[in-house]
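Fold and contact review
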Amino acid sequence: MKTNIFKYSLIFIIFTSIVFIIACEKTIEIDIEDTKPKLVLNAELNPDSTIKVNITRSRHILDNAMITNVEDAQVKIYEDEIFIGNLIYDKNGNYRLNYKPKKGKNYKIIVEHPNYETVKATSFIISKIENISIDTSSTYDEYGNSITNLNIKFKDPANEKNYYMLKLRDKYKTEIWDYSIIVIDTIYTGPDTTIVNISQGAFTYEYSTEVVYFSSNDINLDEDNYFAGVLAISDELFDGKEYLLKTSFDANYTYYSTDTSLIYIDFYSISQDYYKYIKSRNKYTYSVGDPFSEPVMVFTNVENGLGILGSAHANTDSILIKRKNYFYYE
Amino acid sequence: MKKLKLICIIFIISCNLGSFAQKYTISGYVTDKTSGEQIYSANVYDIRTKQGTTSNEYGYFSLTLNADSVSLSVSFVGYAAFTSNLYLNSDLNLNIQLDPDMMLAEVIILDKKSDEIVKSTQMSLIEMPIHQIKALPVLLGEADVLKSLQLMPGVQSGSEGSSGLYVRGGGPDQNLILLDGVPVYNASHLFGFFSVFNTDAISNVKLIKGGFPARYGGRLSSVLDIRMKEGNLKKFSGEGSIGNISSKFTFEGPIVKDKASFIISGRRTYIDILAAPLIKIVNDASGGPGKFRAGYYFYDANAKINYKISDKDRVYLSFYAGKDKAYTRSKETYVYNDTTNAENVNFNLNWGNITSALRWNHVFHKKLFANLTAVYSKYEFETIQKYQHLVGKRTEEEYLFNYLSGIDNVGTNLDFDYSPLPKHSVKFGANYLYHTFSPGGTTFSMSYDQENITMDFSNKKIYANEFYIYAEDSWDATALLKLNFGAHYSGFSVQKRFYQSVQPRVSARFLINEKMSLKAAYSHMSQYIHLLTNASIGLPTDLWLPSTDSVQPELSKQAALGFVYNINNNWDLSIEGYYKTLNNLIEYKEGAGFFQLAQNWESKLEIGEGYAYGSEILLRKNYGKLTGWLGYTLSWSWRKFENINFGNKFPYKYDRRHDVSLVLLYEFNEKVDMGLTWVYGTGNAVTLGVARYSGLSLENYWSYYQAIEYFNGRNSYRMPSYHRLDLSINLKKKTKWGNQTWSFGLYNAYSRQNPFYLYFGYDNSKRVLKQVSLFPIIPSVRYAFKF
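Residues numbered from 1 in each chain as written. Chains lettered and ligands numbered in written order. Predicted model: local features only at pLDDT ≥ 70, side-chain atom pairs only at ≥ 80, totals over all residues. Heavy atoms only, no water.

Right, let's talk about the sheet that holds strand E10 (residues 133-140) of chain A for a bit. All names here are of chain A. As summarised here, the arrangement of the four strands in space is E10-E11-E18-E15, forming an open sheet in which the pairing is antiparallel. What marks the edges here is a single partner per strand, and that holds for E10 and strand E15 (214-215). With eight bridges joining them, strand E11 (residues 146-155) and strand E18 (residues 242-249) adopt antiparallel strand pairing. Pairing of Thr 148 across the sheet is with Phe 249, part of E18. (Pairing = 2+ DSSP bridges. Helix = DSSP H or I, 4+ residues; strand = E, 2+ residues; numbered from the N terminus.)

Quick look at a nonpolar patch on the surface now. Residue and element names in this part refer to chain B. On the surface, Ile 255, Val 256, Ile 305, Leu 317 and Leu 358 cluster together into a nonpolar patch covering about 430 Å² of accessible area. Take Ile 255: it is sitting in strand E19 (residues 246-256). Assessed through its relative accessible area of 52%, Ile 255 is described here as exposed. (Patch = residues over 30% accessible without salt bridge, like charges linked within 9 Å, V, L, I, M, F, W, Y side chains within 5 Å. Areas by Shrake-Rupley, 256 points an atom, 1.4 Å probe, with all protein chains shown as cover. Salt bridge = Lys/Arg side-chain N within 4 Å of Asp/Glu carboxyl O. Buried < 20%, exposed > 50% of the residue type's maximum accessible area, 1.4 Å probe, protein only.)

What follows deals with the environment of Pro779(B). Within the element layout of this structure, Pro779(B) appears in strand E49 (residues 778-786). Each residue touching Pro779(B), except ones within four places of it in the same chain, is listed here: Asn244(B), Gly745(B) and Leu746(B). (Contact = heavy atoms within 4.5 Å.)

A few words on the pairing of strand E28 (residues 462-476) of chain B. Where a strand is regular, its side chains alternate between the two sheet faces. Residue and element names in this part refer to chain B. The sheet contact formed by E28 and strand E29 (residues 481-494) spans 13 bridges and is antiparallel. By the bridge assignment, Glu 472 is partnered in E29 with Gly 486. In textbook terms, the turn of a hairpin is the stretch between consecutive antiparallel strands, and for E28 and E29 this stretch comprises four residues.

It is worth spelling out the sheet that holds strand E3 (residues 52-54) of chain B at this point. Residue and element names in this part refer to chain B. Reading across from one edge, E3-E2-E5-E6 is the order of the four strands in this open sheet, with antiparallel pairing throughout. Looking along the sheet, the strands with just one partner apiece sit at the ends: E3 and strand E6 (82-87). Here the average twist between neighbouring strands, direction ignored, is 15 degrees. Pairing between strand E2 (residues 43-46) and strand E5 (residues 69-75): four bridges, direction antiparallel. Of the residues in E5, the one forming a bridge with Tyr 45 is Ser 73. (Axes fitted to C-alpha atoms, helices over the stretch in contact; angles between N-to-C directions.)

Turning our attention to the pairing of strand E1 (residues 23-32) of chain B. Residues and elements named next belong to chain B. For E1, the buried fraction is high: nine of the 10 residues fall into the buried class. Across seven bridges, the pairing between E1 and strand E4 (residues 60-66) is antiparallel. Bridge assignment links Thr 25 to a residue of E4, and that residue is Thr 64. As defined by bridge partners, E1 adjoins strand E7 (residues 92-93) across two bridges and the pair is classed as parallel. From the neighbouring strand, Ile 26 faces E7, where its bridge partner is Leu 92. In this structure, E1 lies alongside strand E8 (residues 96-98), joined through three bridges in parallel fashion.

What follows covers the packing of aromatic side chains. Overall, the coordinates contain 46 aromatic pairs over all chains when judged by the stated rule. An angle of 10 degrees between the planes, with centres 5.9 Å apart, marks the rings of Phe236(B) and Phe251(B) as stacked. Taken together, the residues Phe236(B) in the loop between strand E17 (222-228) and strand E18 (237-243) and Phe251(B) in strand E19 connect sequence positions 15 residues apart. For Phe236(B), a relative accessible area of 48% corresponds to the partly exposed category. What links up through ring pairs into an aromatic cluster is the set Phe154(A), Tyr164(A), Phe238(A), Tyr243(A) and Phe267(A). In this structure, Arg227(B) packs its charged tip against the face of Tyr40(B), placed 5.7 Å from the ring centre. Residue placement shows Lys649(B) over the ring face of Trp638(B); its charged tip is 4.1 Å from the ring centre. (Phe/Tyr/Trp six-rings, centres within 6.5 Å; stacked < 30°, edge-to-face > 60°. Lys NZ or Arg CZ within 6 Å of the ring centre and 35° of its normal.)

Here you go:
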């Protein structure tokens, strides 16, 4: 809060002062070199779920149109260089294959489309770590607000680079008053949103997920490690050691959820590329629109295209915490 | 240390290579005839043997020659040369007064100065006479040392209007800026639009871009040595001016004639005064009981006194203070429960430098001149924010927020000039500085209902010791080859950590003939303090910080090669090429900005390297009705950081492929002169998105809605090129009491819309790239007087 007052006052004073000596300000259009749209591949491979790859197209920076899905691409997947199948287009830009990736294997995805350059990405499915303990405890902070501490203790494998991801999601059921929705029974599993649409006359129930904000005093973490619900951390500072990751969040406060909702806690081992992607993306999100900071380039490992092929391996089953009875949603 | 030993041995041997003929020493001071001021870097030499030296910072020279007929010549740009034929058969103390009236003996001055450019070992040197700086057309008529230097090849400006210097691909923090030998840490006023140096109080400006002599150190890219005037020893005089945004006044004179003198100079801007009526209109229009005031001003003051105790001893005390202040105040009153309530909100932003030096010159021996200096300098940046709620006269609520950062230095220098033999001129000395870094202290206090809470979030102060020792010899090795070689050894201790570096410095000049010479130089430099900056504008939040365990000292190596051709007495041409490497440079991590700086600054940094190379051509006309120069720089400057741009090299933000400057000053007669400058530069390198794409759904609020911008590399887009024409005309008049000058200027005469920054915006819902320009054509007027 204090920093914000300081920040905005400073920006205000700098700009007003500059304006005093600026006689005028004018904007001019400049042509930017045309860049051809590229295929964008986004996927998280996970041994606990079937393969799903999202394919969209990039837009020229001056093209204000919506980003659209590519529905007619050919998406092939290889396991240790052996072709295992073509992914079939489903919807929302997603291509699926009823196959679960296996740990210790290399996966290569090739996407072809007549209008775009062929893109390629690879990822290796890492093993999960053993002997991990996750515990939660409720307490109150100095102002009397309820907080939940989440402690994750694990032993980092020595002499190799390891990366971890912590995700906190709030799953809840909402009523959607949308008469146009046609009843579809779909159950998707996997790390992305689990949506269960159940037809009930005029409206539908939807299970949706929402981010749970959490914070940490861990000195190894700064704002580019976590931003709104996803934390990525590398073992750079604790290679081969036992590590206790301490975070906390408010299990009561939520904007959307009801007392029926559950908080899902998932802790994964992830690939290096995925780590780089999450970290740079967090930084990107944190700084976008700030004229005083250097732009952040989001990591990509897709050859000739954009996006990320990451892999994640859940170290334990999801930990569930029930929301308390507070209900802020009006 | 081995290097140091080797250099010492070479030095001792070379000192003994002189001939064994009888030798005598001519020594003394070179001063200005009308003011008694000492002249720095005047050329003193024997025309017959071509042996010579230059006067030091205090006007002192010592020249040892064989017993013989001597044809002594003493010259300095802007002065009539002194020549004397004498037979040297004993040591001679000779104080020489040069006549500053150029018109008197124009021809004599000319070849001597041009000659010096050809003969000196120092390359990559820019000297600019103050009268030339004052005659150039500038923004808002405010003559500016740093902006004038930006017109020279190898020195670039940053963004529009900024007074930062980017020398040979280096950053603005890599310049050692010395005011009377005291380091200045933030040399800009008004967010970089003006520099802190008041040209009326300055006597000499010298910028070294490469081939650094051993006596300088501590920054990677350049040394800017600015000397304050000393004060007229003969008579009282004053000068001043009134301009668009500022006024200044300088007064100087003898305290005891020919013995002691003083100079005092002040300058203040009045943007706040000019803006006050506008703010009043806004307040009146709003009709409410609230009052809002805002303003900005800066001032600076220079003062110096000196006392000539004897021919062998002289003391100086010099002082500079400058401050920028920006503020807003608002007051709101209302009546509640029959009591008057008032809410006051004040916001202040203050920053400024103080430098002071106490100096003692002593001539131990005609061949040994010593200078002992004690220096103090300070840079401080402060914001104060205060909220107060008054009920009647009682304070109901009060919040105070205060942020303070800065750097403090106390130190001492001891420098010797020693001329042991005819062909050698030696300088050696030592320097010590004690730094106190205050990397941001925040205090917050609150009182409510007579309860008080005060919190202090200050970063701990960091204390550091920095020192160096140096020795250099300027040696006439043969009739054609002259060398300046030496070593600079420096150390820095901070938080139980000690860094040191031995830096070789060599410059050589080879005379091809009387008119042409080849020069070469090689030097190492190190820099123990770092500037954390968001360099696009000269923000006062710039934070100076020491090297620490994780942030190591910056290092540079530079090799340069040059050719100087004195075409005729009027024209000279110099061509130089350089290659420079930079190590341990710091940059903000991607996405980190100065607002997140206060804590853990070391973790916000990336460490990387850079390299720069290029060539510079300068064609200069020094005398006559038309003077000026044409400069061209072709350069590259790269950076490479492991965690920026995915480890690939990228162009430095101010990488400028082509940089041209044309400067013409034409004197029609004694009453009218005109100035013209035209600059052209390749556009700055910026990072711009070229595409948008969707990201992987991370089940976050933002991951659903946010499209990611794709950048095809850091600084991979070039802004449109920059060019600008400035014009000025000076109308001078002699009056009964002195001189007066009316100066009229046009900045950006053809109103080129130069890019300041680019952003994506919308034009009738169509997405476009927009460019913001700062200054269109800006006229200026200034009235100056001198008596």
